[in-house]
Amino acid sequence: VGRSDTSRATVLVCITCRGTSGTVGAELADATLQAAAGAADVTIQRVRCLANCSRGPSAAIRCDNSWTYVFGSLAPATDGPALIEGARLLLHSADGIMPWKGRPEPLKRGLTARVPPPDFVGEES
Ligand code: FES
C-alpha cells in the first residue's frame, strides 16, 4: 500500500506531564523543538495529556498513512533528539511501521502503544 504524503512527520509532546520538576512535559516539548531546529520534515505540536500520565513524560509520533506510536518515560534532558530521529525513521519507512532496528533506545524501552492508520483493514488471526 502506497503512502500519499511522505513529506512530514508530527511529534506530539504532552506539556501537562508534571514529573519531579512539575514542568517535565513542557521541558520535553522545548527540548524536542530545539532538536528539530526548524526542520522542514518534522512538525512539533504541544498537546495537553496523551492519557499516558502514569508513564510520563509522554510523546507520540505519527505520519500520514503510518501507524501512530505513543512513548513514555522520556527524559527532557536527552530524548528530544530521539523523538526527532524516530519521527524521521517513521517518515521514511516504506510500510508505515517504525523499524525496531536502528530505533533510538528511549523509543524502544519507552514504547507504550502503537495504533494503526485510519485505512487499516484488520489482520488475519
Ligand atoms: S499529563 Fe502527560 S500524558 Fe497525561
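See the structure above.
A brief structural summary. Residue numbers here run from 1 along each chain, matching the order of that chain's written sequence. It should be noted that, the model being predicted, local features are given only for residues of pLDDT at least 70 and side-chain atom pairs only at 80 or more, the latter also being counted only at that level, while totals for whole chains, interfaces and linings use all residues. Based on all heavy atoms of the structure, the side-chain values leave hydrogens and waters out of the count.

1. Brief notes about the packing of aromatic side chains
Okay, so step 1: Any two of the Phe, Tyr and Trp rings considered here, Trp counted by its six-membered ring, make a pair once their centres fall within 6.5 Å; the pair's planes then place it as stacked at under 30 degrees, edge-to-face at over 60, or tilted in between. Counted by the stated rule, this structure contains two aromatic pairs.
Okay, so step 2: Plain terms: the ring middles of Trp-67 and Phe-120 are 5.5 Å apart, the flat faces sit at 70 degrees to each other, and that makes the pair edge-to-face. One end of the pair, Trp-67, is in the loop between β3 (59–63) and β4 (68–71); the other, Phe-120, is in the segment after β5 (111–115), and 53 residues separate them in sequence.
Okay, so step 3: Here Tyr-69 and Phe-71 contribute two aromatic rings whose centre-to-centre distance is 6.4 Å and whose plane-to-plane angle is 10 degrees, an arrangement assigned as stacked. Of the two residues, Tyr-69 and Phe-71, both sit in the buried class. Where helices and strands are cited, they refer to DSSP runs of H or I of at least four residues and of E of at least two residues respectively, numbered from the N terminus. The rule is simple: take the accessible area with a 1.4 Å probe, protein chains only, and divide by the maximum for that residue type; under 20% is buried, over 50% is exposed, in between is partly exposed.

2. Structural notes on the side chain of Arg-103
Okay, so step 1: Among the structural elements, Arg-103 can be located in the loop between α2 (80–91) and α3 (106–109).
Okay, so step 2: Neither His nor the chain ends is counted toward charge; the positive residues are Lys and Arg and the negative residues Asp and Glu. Counted as salt bridges are all cases of a side-chain nitrogen of Lys or Arg within 4 Å of a carboxyl oxygen of Asp or Glu. The charged side chain of Arg-103 is buried without a salt bridge, its nearest counter-charge being Glu-105 at 9.4 Å.
Okay, so step 3: For this analysis, a polar contact is any N or O atom pair within 3.5 Å, provided that within protein one partner can donate a hydrogen and the other can accept it, and provided that sequence-adjacent residues contribute only side-chain to side-chain pairs. A distance of 2.8 Å separates the side chain of Arg-103 from the backbone oxygen of Met-98, its partner in a polar contact.
Okay, so step 4: Not counting chain neighbours up to four residues away, the residues in contact with Arg-103 comprise Tyr-69, Phe-71, Leu-89, Met-98, Lys-108 and Leu-111. Contacts are assigned to residue pairs with any non-hydrogen atoms lying within 4.5 Å of each other.

3. A look at α2
Two residues of an α-helix separated by three or four positions point the same way, owing to the 3.6 residues in each turn.
Okay, so step 1: Here, expected helix span is obtained from the residue count minus one, scaled by 1.5 Å. For α2, built from 12 residues, the straight-helix expectation of 16 Å at 1.5 Å per residue is met to within 8% by its first-to-last C-alpha distance of 17 Å.
Okay, so step 2: Here α2 has its buried residues at Gly-80, Ala-82, Leu-83, Ile-84, Gly-86, Ala-87, Leu-90 and Leu-91.
Okay, so step 3: Residues of α2 that are buried in the fold lie against β1 (9–14), α1 (24–36), β2 (42–47), β3, β4 and α3.

4. As for the environment of Arg-8
Okay, so step 1: Checked against the element boundaries, Arg-8 lands in the segment before β1.
Okay, so step 2: When the C-alpha positions of Arg-8 and Cys-63 are compared, they lie 6.7 Å apart, and in sequence the two are 55 residues distant.
Okay, so step 3: Sequence-distant contacts of Arg-8, that is, excluding residues within four places in its chain, are made with Ala-40, Asp-41, Val-42, Thr-43, Cys-63 and Leu-91.
Okay, so step 4: Here Ala-40 takes part through its backbone oxygen, which lies 2.7 Å from a polar atom of the side chain of Arg-8.
Okay, so step 5: Among the polar contacts listed, one links the side chain of Arg-8 to the side chain of Thr-43, at a separation of 2.8 Å.

5. Considerations on the environment of Val-13
Okay, so step 1: Its location among the elements puts Val-13 in strand β1.
Okay, so step 2: Judged by its relative accessible area of 0%, Val-13 is buried.
Okay, so step 3: A sequence separation of 51 residues divides Val-13 from Asp-64, and the C-alpha atoms of the two residues are 18 Å apart.
Okay, so step 4: Setting aside anything within four residues of it in sequence, one finds Val-13 in contact with Gly-25, Leu-28, Ala-29, Thr-32, Ile-44, Gln-45, Arg-46, Val-47, Ser-58 and Ala-59.

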